[in-house]
Amino acid sequence: MKKCLIIAGGEFSPVDINEYEYIIACDKGYEYAQKLGVKPDAVIGDLDSYTGQVDKNINLIKLPLEKDDTDTMYAVRYAFKHDYRDITICCAFGGRLDHTYANIQTAAYIASHSGLAHLTGIDNKMYMIKDSIITLPPVKDSYISVFSYSDKCTGVTLRGCKYGLYDAELTSAFPVGVSNEWNDTAATIEVKSGTLCIIISKK
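Residues numbered from 1 in each chain as written. Predicted model: local features only at pLDDT ≥ 70, side-chain atom pairs only at ≥ 80, totals over all residues. Heavy atoms only, no water.

1. Concerning the overall build of the protein chain
Within the protein chain one finds three helices and 13 strands. Against the 2.2 N^0.38 benchmark of 17 Å for 203 residues, the protein chain shows a C-alpha radius of gyration of 17 Å, consistent with a compact globule. Taking the principal axes of its C-alpha atoms as reference, the protein chain extends roughly 55 × 30 × 30 Å. The buried share of the protein chain, reckoned over its 203 residues, is 49%. Pairs at least 24 apart in sequence give 58% of the contacts found in the protein chain among residues at least 6 apart. Approximately 10400 Å² of the protein chain is accessible, and the part contributed by carbon and sulfur atoms is 48%. Averaging the coordinates of the 21 positive side-chain charges in the protein chain and doing the same for the 26 negative ones gives two points 2 Å apart. (Helix = DSSP H or I, 4+ residues; strand = E, 2+ residues; numbered from the N terminus. Rg over C-alpha atoms; globule rule 2.2 N^0.38 Å. Buried < 20%, exposed > 50% of the residue type's maximum accessible area, 1.4 Å probe, protein only. Contact = heavy atoms within 4.5 Å. Areas by Shrake-Rupley, 256 points an atom, 1.4 Å probe, with all protein chains shown as cover. Lys, Arg positive; Asp, Glu negative; His and termini not counted. Charge placed at Lys NZ, Arg CZ, Asp CG, Glu CD.)

Next comes the structure, spelled out in structure tokens:
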């Protein structure tokens, strides 16, 4: 899948921009793009959190203040229209809790449309997968946790983790998958049915 980076407006966090084919800055994310030294392919937002000038050579999509989509959700839809399904949202955490949760719901939207969602922040990363499998290399001094985002996830299997699971059922009302750890190898995480949230947090 083609890779798209969306720079959101949470707490600033560095990201390697070289692995992405297309970059979108959402509102304040344009300020963060400048910090990262990158010229985004598009700037999308209502510009309520960025009040400076946007480079005239950048595609600016100005959104109304009153709308159903968040700026980040609109950026995801825009990425989908351009055939990007592997989407990373950086600067996704911190700041307003409602915006953080909106980004998590946006990740679930990506997963529900056959995409791979990856959210990053200063000390945390998150992946959202649906009816799928993912392999993640060990991250030093970090925990790896899995949660059912949908009401339930069935056929959950964890390999390469300290606490393994095989063909288990997780529910959204019980956090049994918190604070797992890697063994020496990569972790392979599978969910046969449901939307699974995977969080990597520094110890």
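Alright, that's what it looks like, and here's the rest.
2. What to know about the packing of aromatic side chains
Taken as a whole, this structure holds four aromatic pairs when the rule is applied. Both rings, one in Y30 and one in Y50, keep their centres 5.3 Å apart while their planes meet at 90°; by these two values the pair is edge-to-face. Highlighted residues: Y30 in helix α1 (residues 29-36) and Y50 in the loop between β3 (42-45) and β4 (59-62), separated in sequence by 20 residues. Each member of the pair, Y30 together with Y50, is buried. Its guanidinium or amino end placed over the ring of Y84, K2 lies 4.3 Å from that ring's centre, counting from NZ or CZ. K203 extends its terminal NZ or CZ atom over the ring of Y143, reaching a point 5.2 Å from the ring centre. (Phe/Tyr/Trp six-rings, centres within 6.5 Å; stacked < 30°, edge-to-face > 60°. Lys NZ or Arg CZ within 6 Å of the ring centre and 35° of its normal.)

3. Points about the pairing of strand β8 (residues 133-136)
Here β8 shows a clear split, with I134 and L136 buried on one side and none of I133 and T135 buried on the other. In this structure, β8 lies alongside strand β12 (residues 187-190), joined through four bridges in antiparallel fashion. Within the sheet, the bridge partner assigned to L136 lies in β12 and is A187. (Pairing = 2+ DSSP bridges.)

4. Points about the pairing of strand β5 (residues 84-90)
Judged by how many residues are buried, β5 sits mostly within the fold: six of seven residues are covered. In terms of strand pairing, strand β1 (residues 2-7) meets β5 through six bridges, oriented parallel. Looking across to β5, one finds that I7 is bridged to C90. Looking at chain direction, β5 and strand β6 (residues 116-120) are connected through four bridges and run parallel.

5. Here's the deal with the nonpolar core
Core analysis: the largest hydrophobic core is formed by 32 residues, its most contacted members being I6, I24, I87, I89 and M128. For this core, the secondary structure elements donating two or more residues are β1, β2 (22-26), β3, α2 (71-81), β5, α3 (97-112), β6 and β7 (124-130). Among residues more than four places away in sequence, those in contact with I89 are I6, A8, T72, V76, T106, I110, H118, L119 and T120. Formed by 18 residues, the second largest nonpolar core is a distinct cluster that contains L136, C153, W182 and A187. (Core = buried A, V, L, I, M, F, W, Y, C linked by side-chain atoms within 4.5 Å.)

6. Things to note about α1
All buried positions along α1 are accounted for by G29, Y30, Y32, A33 and L36. One side of α1 carries all its buried residues, which in axial view fall inside an arc of 155°. Elements in contact with the buried residues of α1: β1, β2 and β3. G37, located one to two residues past α1, shows a positive phi value of around 75°. (Arc of directions from axis to C-beta.)

7. Some thoughts on the sheet that holds β5
On the basis of which strands lie adjacent, the open sheet formed by nine strands has the order β4-β3-β2-β1-β5-β6-β7-β13-β9 and mixed pairing. Bordering the open sheet on either side are β4 and β9 (142-148), each of which pairs with just one other strand. The average undirected angle you get between the axes of adjacent strands in this sheet is 20°. Bridge count between β2 and β3: three bridges; the pairing is parallel. Pairing of I24 across the sheet is with A42, part of β3. Across the sheet, α1 lies against β1, β2 and β3, angled at about 130° from β2, the strand it touches most. Contacts from α3 reach β5, β6 and β7, with the element oriented near 35° to β7. (Axes fitted to C-alpha atoms, helices over the stretch in contact; angles between N-to-C directions.)

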